[in-house]
Amino acid sequence: MERKYIIKGRKPLKGEIEVSGAKNASLPAICATLLAPGLYKLKNVPKVRDVFNMLKIMESLGATYEFKKDYVEINTEKVESVFIPYELASQMRASILFLGALVGGFKSAIVPMPGGCAIGKRPVDFHIKGISQLGGNIQLEKGNLVVSAKKLKGTQIVLDFPSVTATENLMMAACLAEGETIIKNSAKEPEVIFLGEMLKKMGAEIKGLGEDTIYIKGKKKLKPVNIEIIPDRIEAGTYLVLGALMEENEVVVKNIKKEHLKTPILKLEEIGITLEDVGKDALRVKRGRILNPVKIITAPYPGFPTDLQPFFTILLTQAEGISFITENIFENRFLYVYELKRMGAEIEVENRTAIIKGPTPLMGSPVKATDLRAGAALVLAGLMAENTTTVYNVEFIERGYENFVEKLLSLGADIKVEEDES
Ligand code: EPZ
């Protein structure tokens with residue numbers, strides 16, 4: 001069954017749109033429940049495909065889960081297996097997060113090595129190197145990373161690049177290692193800090209969260225906890241750009257943690273967008289007729305997030321002049337530009353920089369999503385374009401945006417879902 005979105009563009013969007021819990025905080029939090037057998041309540045977990053997939057993997061290990069009113073209950077008391085099935089793991093790279101959780105919780109793991117990805121090579125060498133420095137014996141067998149460890153011993157690990165999931169994996173494993181682990185050049189993303197705070201609540205001893213170096217004193221045992229997932233800053237950034245797409249739009253984005261979006265908010269203001277505080281954790285998006293061209297360079301947090309890059313490209317097709325976006329995190333994250341050019345956008349990609357000429361009116365056209373963020377960005381382009389846009393491969397979008405179509409409809413967007421028997 002193929003799903004696609006049919007969008008009639010240029011309809012002014014008005015109203016409030018609420019940000020859901022963060023996908024990239026929920027996925028490691030679900031894995032962390034393997035570090036101490038017991039009952040967990042995770043509040044504000046978004047109902048998106050990647051979360052469902054992660055929970056299916058948990059079930060295959062022997063855990064149970066149930067979605068209740070506004071939380072998911074996970075019980076890991078009966079987890080016995082450390083084998084992650086390829087069919088499920090191959091659907092999302094974040095399944096690598098089972099490596100740190102299982103090695104920490106069970107001193108062994110069989111986790112499929114992630115395959116290729118549309119946005120870049122995305123190797124997992126930092127994860128492998130770190131786990132083996134902690135004492136894990138890692139072999140690659142039939143495409144699986146097979147890890148066994150008599151015991152884990154704390155040590156100093158230096159990451160060549162502040163990788164988000166590598167930091168998360170090593171934090172989880174180090175929590176139950178003997179002695180102290182020091183992770184140098186660690187990632188500082190809010191989702192990494194969130195996982196660290198969850199582990200501390202479980203009884204771990206961690207210092208330096210949000211800094212370049214994290215210190216973890218290993219414990220013999222941790223305990224289950226109840227936690228509330230932070231709002232999704234990438235979803236929030238998506239909706240701020242949505243509000244800025246057309247002068248006639250009047251959009252308020254709710255449940256937004258502004259402190260997690262400092263750099264994107266500064267860039268929006270540089271482009272000429274006004275973000276007005278309306279009550280706690282809510283921003284009204286306002287824009288004038290003219291948008292300014294800007295330069296953007298993606299970087300690890302607190303730099304400009306690579307996951308918001310496609311949305312700003314769409315917005316900057318409407319700026320008066322030439323904008324430059326340089327992608328420094330993933331080497332192949334401009335695939336969507338060729339779909340945008342089918343809508344009439346004037347963009348050239350040279351090396352790792354997109355050169356965007358504006359203002360250019362976009363015309364409706366059939367386009368293909370190539371990954372999660374690119375897909376959602378093409379929907380925004382369709383909402384701003386003349387006539388009708390059809391977005392294919394929307395499964396990518398549903399991996400990370402909760403009730404995306406419903407939320408857009410609530411603002412008055414003309415969008416519908418069609419399913420083809422194929
Ligand atoms: C996380 O991916 C996010 N995913 C990504 O979000 C996000 O784009 C990325 O961080 C950067 O912010 C989750 O949190 C589940 P990295 P991750 O390791 O951890 C290189 C979305 O749209 N690297 O920080 O996989 C890597 O190739 C997704 O929600 C190595 O070379 O990203 C990249 O160039 C997409 N070796 C850079 O580091 C390694 O072992 C940063 O990647 C690990 C990473």
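Note that the structure is predicted; figures quoted are calculated from it, not measured. (Residues numbered from 1 in each chain as written. Predicted model: local features only at pLDDT ≥ 70, side-chain atom pairs only at ≥ 80, totals over all residues. Heavy atoms only, no water.)

Draft legend 1. Geometry of the sheet that holds strand β7 (residues 137-141). Ordered in space as β6-β8-β7, the 3 strands form an open sheet in which the pairing is antiparallel. Each edge of the open sheet carries a strand with a single partner, namely β6 (108-112) and β7. Strand-to-strand twist in this sheet, taken as the mean axis angle between neighbours without regard to direction, amounts to 15°. Of the strand pairs in this sheet, β7 and strand β8 (residues 144-148) are connected by 5 bridges, and their pairing is antiparallel. Bridge pairing in β8 links Gln-139 to Val-146. The strands that helix α4 (residues 97-106) touches are β6 and β8; relative to β6, the one it contacts most, it runs at about 165°. (Pairing = 2+ DSSP bridges. Helix = DSSP H or I, 4+ residues; strand = E, 2+ residues; numbered from the N terminus. Axes fitted to C-alpha atoms, helices over the stretch in contact; angles between N-to-C directions. Contact = heavy atoms within 4.5 Å.)

Draft legend 2. Representation of the domain arrangement of the protein within the structure. When cut into domains, the protein gives domain 1 (2-20 + 231-420) and domain 2 (23-225). Here the C-alpha centre of domain 2 lies 31 Å away from the C-alpha centre of domain 1. On the side of domain 2, 22 residues touch domain 1, which itself brings 25 residues to the contact. Interface area lost by domain 1 to domain 2 is led by Tyr-301, Arg-399 and Glu-402, which between them contribute 30%. (Domains from an automatic or database assignment. Buried area = accessible area lost by both parts, 1.4 Å probe.)

Draft legend 3. Structural context of the UniProt feature "binding site: UDP-N-acetyl-alpha-D-glucosamine" (unreviewed entry) in the protein. Following the UniProt record, the feature "binding site: UDP-N-acetyl-alpha-D-glucosamine" (unreviewed entry) maps to Arg-93, Asp-307 and Ile-329 here. Once residues lying within four places of it in the same chain are set aside, the contact partners of Asp-307 are Asn-24, Ile-234, Arg-333 and Arg-373. Beyond its immediate stretch of four places on either side in the chain, Ile-329 contacts Phe-161, Thr-298, Ala-299, Pro-300, Thr-306 and Arg-352. (UniProt positions renumbered as here; feature names shortened; annotations may be inferred.)

Draft legend 4. Up close: the UniProt feature "active site" (unreviewed entry) in the protein. Look at the UniProt record and you will see "active site" (unreviewed entry) annotated at Cys-117. One can find Cys-117 in the loop between β6 and α5 (125-133). Residue classification places Cys-117 among the partly exposed residues on the basis of a relative accessible area of 27%. Every residue in contact with Cys-117, bar those within four places of it in the chain, is listed here: Arg-93 and Arg-122. (Buried < 20%, exposed > 50% of the residue type's maximum accessible area, 1.4 Å probe, protein only.)

Draft legend 5. A look at the site of the ligand. For the ligand, the set of nearby residues contains 20 residues, the closest of which are Asp-125, Ser-163, Thr-165, Asp-307 and Ile-329. Thr-165 is positioned with one of its side-chain polar atoms (N or O) 2.6 Å from an oxygen atom of the ligand. Counting only elements with at least two residues in the shell around the ligand, the list comes to α1 (23-32), α5, α6 (164-174) and α12 (372-384). Here the shell around the ligand spans two domains, and each of domain 1 (2-20 + 231-420) and domain 2 (23-225) adds at least three residues to it. (Near = heavy atom within 4 Å. Polar contact = N/O pair within 3.5 Å; in protein donor to acceptor, adjacent residues only side chain to side chain.)

Draft legend 6. Geometry of empty space enclosed by the protein. Using the criterion set out here, one finds 2 cavities of 30 Å³ or more in the structure. Taken as a whole, the largest cavity encloses approximately 50 Å³ of empty space. Looking at the largest cavity, the residues that line it are Arg-233, Glu-259, His-260, Leu-261, Lys-262, Thr-263, Pro-264, Tyr-301, Pro-302, Gly-303 and Pro-305. The greatest single-element share of the lining of the largest cavity, amounting to 3 residues, is contributed by helix α9 (residues 262-271). Put simply, the second largest cavity is a space of about 40 Å³. Looking at the lining of the second largest cavity, the elements that each hand over two or more residues are α5 and β9 (156-158). With 4 residues, α5 is the largest single contributor of residues to the lining of the second largest cavity. Split into classes, the residues belonging to the lining of the second largest cavity amount to 4 nonpolar, 2 polar and 2 charged. (1 Å grid on protein atoms, 1.4 Å probe; cavity = no way out; pocket = protein on both sides within 12 Å on 5 of 7 lines; lining within 4 Å. Points joined across faces, edges and corners; volume = space filled by probe spheres on them. Nonpolar A, V, L, I, M, F, W, Y, C, P; charged D, E, K, R; others polar.)

Draft legend 7. Layout of the layout of surface pockets. By volume, the second largest pocket is sized at about 250 Å³. Along the wall of the second largest pocket there are 16 residues; nearest its centre are Arg-10, Leu-245, Arg-287, Gln-318 and Pro-359. Across the lining of the second largest pocket, the residue classes break down as 7 nonpolar, 2 polar and 7 charged.

Draft legend 8. Region of the structure containing unusual backbone geometry. Each neighbour pair has its own omega, and for Tyr-301 with Pro-302 the value is 5°, a cis peptide bond. Here Pro-302 is to be found in the loop between β17 (295-297) and α10 (309-316). The amide bond that connects Gly-358 to the next residue, Pro-359, takes the cis arrangement and shows omega of -5°. Inspection of the secondary structure assignment puts Pro-359 in the loop between β20 (353-358) and β21 (366-368). In this model, Arg-122 sits at a positive phi of 50°, which is unusual for a non-glycine residue. Of note, the phi angle at Asn-351 is positive, near 55°, even though the residue is not glycine. Here Asn-351 lies in the loop between β19 (346-350) and β20. Looking at Asn-351, the relative accessible area reads 78%, which means it is exposed.

Draft legend 9. Up close: the nonpolar core. In this structure, Phe-98 and Leu-199 are the most contacted members of the largest nonpolar core, which totals 77 residues. If we ignore the near neighbours within four places in the chain, the residues touching Phe-98 are Cys-31, Leu-34, Met-54, Ile-57, Met-58, Leu-61, Ile-84 and Val-111. (Core = buried A, V, L, I, M, F, W, Y, C linked by side-chain atoms within 4.5 Å.)

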